[in-house]
Amino acid sequence: MVAQELALTTPEGPLREDAELLSSQAKRCRDILHRLSQAPEAGDTVHARLSLAQLLADAVEPHLIDDRIHMEWSLVGPPDAEPPELIRQPELSRALTSLVDNAADFARSEVRLIGRYDEDNLTIEVRDDGPGFSSDIFAKLGEPYITSRPAGEGSPSGHMGMGLGFFIAKTLLERTGAQLDFHNDRGGGAVVCIRWARDAIEAPPIY
């Protein structure tokens, strides 16, 4: 409410832009938390789990109608091993969706999700072909107020930086036991790498 009031009453200029940014990012924070609060609780063994493939497919699905960005996901693992089934966690799904939204905002034409698994670890990579992370913000990534990543202004979701959505996604993922790494690909574009010990996120077998 304070940010909205400042945006309405502050004259045109940098302060007003900051107030509008705070207002938009607070709204995004509210939307994320609302969706989490509306997520149904798992009621049985089947609904308490989802496949890694389904997790990735759900994250890209909202963007498939956008002709501007090509979305794809893939799985990489040992040829003789089945992809893992995961404990269904609303915060995991929402955080991954938020990171995909962010990648789509900054991508030039493509976003890729790659799920990698082996006997011990599970990794999800979110890759875009945009301008990448600028060198001066690497130490600040995951903080709730960053505005210096290129090309954010005018993006489809209205980002002007990584913002609260990215901060919340990072926090939620860390609560699931994940470790996050951010870097730029040698060929260009940003990469967010989310890594878990497999036994921290994999659903127990059904007997």
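Along each chain, numbering runs from 1 in the same order as the chain's sequence is written. Given that this is a predicted model, residues contribute local features only at a pLDDT of at least 70 and side-chain atom pairs are listed and counted only at 80 or more, while totals for whole chains, interfaces and linings are drawn from all residues. With hydrogens and water excluded, all non-hydrogen atoms of the structure serve as input to the side-chain values.

Engineer: Just to check I follow, could you spell out the overall build of the protein for this structure?
Structural biologist: Comment: elements are numbered from the N terminus, with helices defined as DSSP H or I runs of at least four residues and strands as E runs of at least two. A tally of regular secondary structure across the protein gives six helices and seven strands. Along its sequence from the N terminus, the protein presents helices and strands in the succession α-α-β-α-β-β-α-β-β-α-β-β-α. Classification of residues uses two cut-offs on accessible area relative to the type maximum, computed with a 1.4 Å probe and protein chains only: under 20% is buried, over 50% is exposed, and between them is partly exposed. Counting every position in the protein, which comprises 207 residues, the buried fraction comes to 42%. Of all intrachain contacts in the protein linking residues separated by at least 6 positions in sequence, the fraction that spans at least 24 positions is 66%. Here the protein has roughly 11400 Å² of accessible surface; of this, 52% comes from carbon and sulfur atoms. Note on contacts: a residue pair qualifies if any of its non-hydrogen atoms lie within 4.5 Å across the two residues. Only the protein chains shown count as cover for residues, and all accessible areas are computed by the Shrake-Rupley method using a 1.4 Å probe.

Engineer: Help me out: how do you make sense of the sheet that holds strand β4 (residues 110-117) in this one?
Structural biologist: Sheet strands line up and pair through hydrogen bonds in the backbone, either parallel or antiparallel. Strands pair, by our definition, only if DSSP identifies at least two bridges between them. Across the sheet, which stays open at both edges, the five strands sit in the order β2-β4-β5-β7-β6 with mixed pairing between neighbours. Each end of this open sheet is capped by a strand with a single partner; those strands are β2 (70-76) and β6 (179-184). Neighbour-to-neighbour, the strand axes of this sheet turn through a mean angle of 15°, independent of strand direction. Of the pairings in the sheet, the one linking strand β5 (residues 121-128) to strand β7 (residues 190-197) comprises seven bridges and is antiparallel in character. By the bridge assignment for β7, T123 is matched with R195. Relative to β5, helix α4 (residues 90-106) is tilted by about 30°, and along the sheet it contacts β2, β4, β5 and β7. Angles run from 0 to 180 degrees between N-to-C directions of axes, and those axes are lines fitted to C-alpha atoms, restricted for helices to the stretch in contact.

Engineer: So what exactly am I meant to see when it comes to helix α3 (residues 52-60) here?
Structural biologist: The α-helix winds at 3.6 residues per turn, so residues separated by three or four positions along the chain end up facing the same way. Of all the residues in α3, the buried ones are L52, L55, L56, A59 and V60. Projected down its long axis, α3 shows its buried positions confined to an angular sector of 125°, all on one face. Here the buried face of α3 lies against β1 (49-51), β2, β3 (85-87), α4, β4 and β5. What the arc covers is the set of directions going from the helix axis to the C-beta atoms.

Engineer: Would you take a moment to explain the packing of aromatic side chains for this structure?
Structural biologist: Pairs of aromatic rings are described using the distance from one ring centre to the other and the angle between the two planes. For Phe, Tyr and Trp, where Trp contributes only its six-membered ring, two rings pair if their centres lie within 6.5 Å, and the inter-plane angle classes them as stacked under 30 degrees, edge-to-face over 60, or tilted in between. A full pass over the atoms with the stated rule returns one aromatic pair. The interplanar angle of 80° and the centroid separation of 6.4 Å between the aromatic rings of F133 and F182 together place this pair among those described as edge-to-face. Linking F133 in the loop between β5 and α5 (163-175) with F182 in strand β6, this pair joins segments that are 49 residues apart in sequence. For F133, a relative accessible area of 4% corresponds to the buried category. Look at F182 and you get buried, because its relative accessible area is 14%.

Engineer: Just checking my understanding: could you explain a negative patch on the surface for this structure?
Structural biologist: Patches draw on residues past 30% relative accessible area with no salt bridge. Two like charges within 9 Å are joined, as are two nonpolar side chains (Val, Leu, Ile, Met, Phe, Trp, Tyr) within 5 Å. Counted as salt bridges are all cases of a side-chain nitrogen of Lys or Arg within 4 Å of a carboxyl oxygen of Asp or Glu. When charges are counted, neither His nor the chain ends are considered; positive counts come from Lys and Arg and negative counts from Asp and Glu. For this purpose, a charge sits on NZ of Lys, CZ of Arg, CG of Asp or CD of Glu. A contiguous patch of negative charge, built from D118, E119, D120 and D199, is present on the exposed surface. The exposure class of D118 is partly exposed, given its relative accessible area of 35%.

Engineer: Would you mind going over the packing of α3 against α4 with me for this structure?
Structural biologist: To characterise two packed helices, one gives the angle between the axes of the helices and the distance between these axes. Contact geometry for α3 and α4: axes closest at 9 Å, N-to-C directions at 45°. The angle between α3 and α4 places the two elements in the oblique class. For the pair α3 and α4, the crossing hand works out as right-handed. Between α3 and α4, the contacting residues are L55, L56 and A59 on the first element and L92, S93, L96, T97 and V100 on the second. Our angle categories are set so that under 35 degrees counts as roughly parallel, over 145 as roughly antiparallel, 65 to 115 as roughly perpendicular, and the remainder as oblique. The handedness criterion is simple: a crossing whose near helix is rotated anticlockwise from the far helix by less than a right angle is left-handed, and one whose near helix is rotated clockwise is right-handed.

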